[in-house]
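Examination of the molecular architecture
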Amino acid sequence: MAAYQITVFGATGFTGTRVARELAAVGFKGPWAIAGRDRGKLEKLAASLEASPGILVADVQDEASLRQMAERTKVLINTVGPFRYWGEPVVKACVEAGADYLDVCGEPEFIERVELKYDEEAHNTGCYVASAMGFDSVPGDIGVLYTMSLFKPPARCTMVESALTIRGGPSGFRGHFPTYESAVQGFASAGDLRRLRKEAEQKRGKVDLKVPGPKPPRQAGAAFDPRLNAWTFPFMGADASVIRRTMQAAVRAGEPAANVSVVFTLPSRYYMTLWQGFGAAFQYLAVRPWGRNLLLKHPGLFSYGMFTHAGPSEQQMQETAFSFTNIAKGYSEGGPQSPGEEPDIEVITRISGPEPGYIACSIFVVQAAITLLEERDRLPLPGVHTPASLLRNTSYIERLQRRGIKFEQLDSAGVQ
């Protein structure tokens, strides 16, 4: 029998420490543990918490230690990235041990490779595996599902335009280096992701979402959106790919899906121009070995100071907030009643909360772990899932609301 209900792996890292503190802050009553490769650092962290977690020593390069850790826990939260390098041995250990696995990964290649390789085995061992359970991609994925739920049958949501806004305070917005490193390596391996998706399509078949009516406008570059009163760019994070997998899972289950697009907003033409310039340099360098070395050596220079090895200060995190604004459209009768008929229903929602990368991220993954423990009878069949496909029938949204994440229906979409 597992000694711990929840274990936070990588607990002494930048993100892992926030997750451990969040688990302590919510007053989780069950036995839980922090895990990593340095016992001294783990003991120091445990002493700083208003809780008494157990301590497990495990290393991603020591398969036996990972298996022992997985066998001693019911739900493992993995914060050790970049996941393309260090994630799969942890997934493998959890699946073999039958332990649930959650992570805060935002790397589409890793996320989709895990589904392709471990879905069937996870189903057979009775465990749940879900990546992107942090800021990538809970508010995007769960937010779209929440928005779609506001269309009451026979009405149907057929398209959602989702826009991410991050607002920093006077001391600015910052991110930690591993997030930046994951983005660099993700651009470099875009070809690998395309091949992986082709392999997955051949194995599982192509899914036709069968969505009636128009799709969201296709956006290739910068555009001003008067509805949001902001400049927008296609969002390069994992959200679009995660939401697409949620929609595919819905279709496989015989449920309706929607077409979804994801952008992020910038407040002015000045910032839009900056983003275009830095983005062009980033993309050019990331696909060349010498360019990647340059990007990784000077993260602050090539991200306009947004990403550093030190990460954000506590003040910067306290001053930062996020929101996802969803503009959804659909049909009151489930679909167009005549060829070319435009949607006749519009629903606007906003999901918002504190600093996304570490504070909100910790809330998302901790509440997911607790939900897995407490609402097992409301979960789908075991296997590899997206956040929304895993938690759609649970009280997860209500749990997030109690921790300060807002889910609102609005009259207009203007970014605030």
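Data block above holds the structure.
Now for a quick tour of the structure. (Residues numbered from 1 in each chain as written. Predicted model: local features only at pLDDT ≥ 70, side-chain atom pairs only at ≥ 80, totals over all residues. Heavy atoms only, no water.)

Here's the deal with the overall build of the chain
A tally of helices and strands in the chain yields 16 helices and 16 strands. Taking 22 Å as the expected radius of gyration for a compact globule of 416 residues, we find that the chain reaches 21 Å, a close match to that expectation. Here the C-alpha coordinates of the chain stretch approximately 65 × 50 × 40 Å along the principal axes. Counting every position in the chain, which comprises 416 residues, the buried fraction comes to 53%. Long-range pairs, those at least 24 residues apart, make up 78% of the contacts in the chain with a sequence separation of at least 6. Accessible surface computed for the chain: about 18700 Å², of which carbon and sulfur atoms make up 51%. Looking at charge distribution, the chain has the averaged site of its 45 positive side-chain charges lying 3 Å from that of its 44 negative ones. (Helix = DSSP H or I, 4+ residues; strand = E, 2+ residues; numbered from the N terminus. Rg over C-alpha atoms; globule rule 2.2 N^0.38 Å. Buried < 20%, exposed > 50% of the residue type's maximum accessible area, 1.4 Å probe, protein only. Contact = heavy atoms within 4.5 Å. Areas by Shrake-Rupley, 256 points an atom, 1.4 Å probe, with all protein chains shown as cover. Lys, Arg positive; Asp, Glu negative; His and termini not counted. Charge placed at Lys NZ, Arg CZ, Asp CG, Glu CD.)

Comments concerning helix α4 (residues 83–97)
Taking 1.5 Å of rise per residue, the 15 residues of α4 would be expected to cover 21 Å, and the 20 Å separating its terminal C-alpha atoms lies within 8% of that figure. Residue Gly-98 follows α4 closely and has a positive phi angle near 75°. (Expected span 1.5 Å × (residues − 1).)

Examining the pairing of strand β3 (residues 54–57)
Residues Gly-54 and Leu-56 of β3 are buried on one face, while the alternating residues Ile-55 and Val-57, pointing to the opposite face, are not. Two elements, strand β2 (residues 32–36) and β3, share four bridges in a ladder whose sense is parallel. In the strand pairing of β3, Gly-36 is matched with Val-57. Taking the sense of rotation as the criterion, the β-α-β connection linking β2, helix α2 (residues 39–48) and β3 turns out right-handed. (Pairing = 2+ DSSP bridges. Right-handed = clockwise from strand over helix to strand, strands pointing away.)

Let's talk about the environment of Leu-56
Mapped onto the fold, Leu-56 is located in strand β3. Given a relative accessible area of 6%, Leu-56 falls into the buried group. C-alpha separation for the pair Leu-56 and Met-69, spaced 13 residues apart in sequence, amounts to 6.7 Å. Ignoring any residue separated from it by four or fewer positions in sequence, one finds Leu-56 in contact with Tyr-4, Thr-7, Ala-33, Ile-34, Ala-35, Gly-36, Leu-42, Met-69 and Arg-72.

Let's talk about the side chain of Thr-73
In this structure, Thr-73 sits in strand β4 (residues 73–78). A distance of 3.1 Å separates polar atoms of two side chains, one belonging to Thr-73 and the other to Thr-7. Once residues within four sequence positions are removed from consideration, Thr-73 is found in contact with Ala-2, Tyr-4, Gln-5, Ile-6, Thr-7 and Ala-99. (Polar contact = N/O pair within 3.5 Å; in protein donor to acceptor, adjacent residues only side chain to side chain.)

A closer look at the sheet that holds strand β1 (residues 4–9)
Here seven strands make up an open sheet; going across it, the order is β3-β2-β1-β4-β5-β6-β15 and the pairing parallel. Edge strands, defined here as strands with exactly one partner in the open sheet, are β3 and β15 (383–385). The average angle at which neighbouring strand axes cross in this sheet is 20°, direction not considered. Note that strand β6 (residues 128–130) and β15 share three bridges and pair parallel. (Axes fitted to C-alpha atoms, helices over the stretch in contact; angles between N-to-C directions.)

Here we look at the pattern of salt bridges
Applying the stated criterion across every chain yields a total of 22 salt bridges. Where Glu-88 meets Arg-113, a salt bridge forms, and the shortest distance between an N and an O atom there is 3.5 Å. Within this pair, whereas Glu-88 is found in helix α4, its partner Arg-113 is found in helix α5 (residues 108–125), the two being separated by 25 residues in sequence. Residue Arg-113 is classed as buried on the basis of its relative accessible area of 19%. Among the ionic pairs, Glu-255 bridges to Arg-392, the shortest N-O distance being 2.8 Å. Taken together, the residues Glu-255 in the loop between α9 (239–252) and β11 (259–266) and Arg-392 in the loop between α15 (387–391) and α16 (396–402) connect sequence positions 137 residues apart. Judged by its relative accessible area of 38%, Arg-392 falls in the partly exposed class. (Salt bridge = Lys/Arg side-chain N within 4 Å of Asp/Glu carboxyl O.)

A word on the sheet that holds strand β16 (residues 406–410)
With mixed pairing, seven strands are arranged side by side in an open sheet as β9-β10-β11-β7-β13-β14-β16. Both outer strands of the open sheet, β9 (223–225) and β16, are each paired with one neighbouring strand and no more. The mean angle between the axes of side-by-side strands here comes to 30°, regardless of whether they run parallel or antiparallel. Direction of pairing for strand β7 (residues 156–167) relative to strand β13 (residues 321–331): antiparallel, over a ladder of eleven bridges. Bridge assignment links Ser-162 to a residue of β13, and that residue is Asn-326. Running over the sheet, helix α10 (residues 269–286) touches β10 (230–234) and β11 and is turned about 20° from β10.

With respect to the nonpolar core
Within the largest apolar cluster, 102 residues are counted, with the highest numbers of intra-cluster contacts made by Phe-9, Leu-102 and Met-133. Counting residues per element, this core draws most heavily on helix α14 (residues 356–374), which supplies ten residues. (Core = buried A, V, L, I, M, F, W, Y, C linked by side-chain atoms within 4.5 Å.)

Overview of helix α7 (residues 177–188)
The end-to-end C-alpha distance of α7, which contains twelve residues, comes to 17 Å, matching closely the 16 Å that a straight helix rising 1.5 Å per residue would cover. Those residues of α7 not exposed but buried are Phe-177, Tyr-180, Glu-181, Ser-182, Val-184 and Gln-185. Those residues of α7 that are buried lie in contact with α4, β8 (175–176), α10, α11 (289–297), α12 (299–302) and β12 (307–308).

Regarding the pairing of β1
Most of β1 sits inside the fold, with five of its six residues counted as buried. As paired elements, β1 and β4 share five bridges and run parallel to each other. In the strand pairing of β4, Thr-7 is matched with Leu-76. Pairing between β1 and β2: four bridges, direction parallel. Bridge pairing links Thr-7 to Ala-33 in β2.

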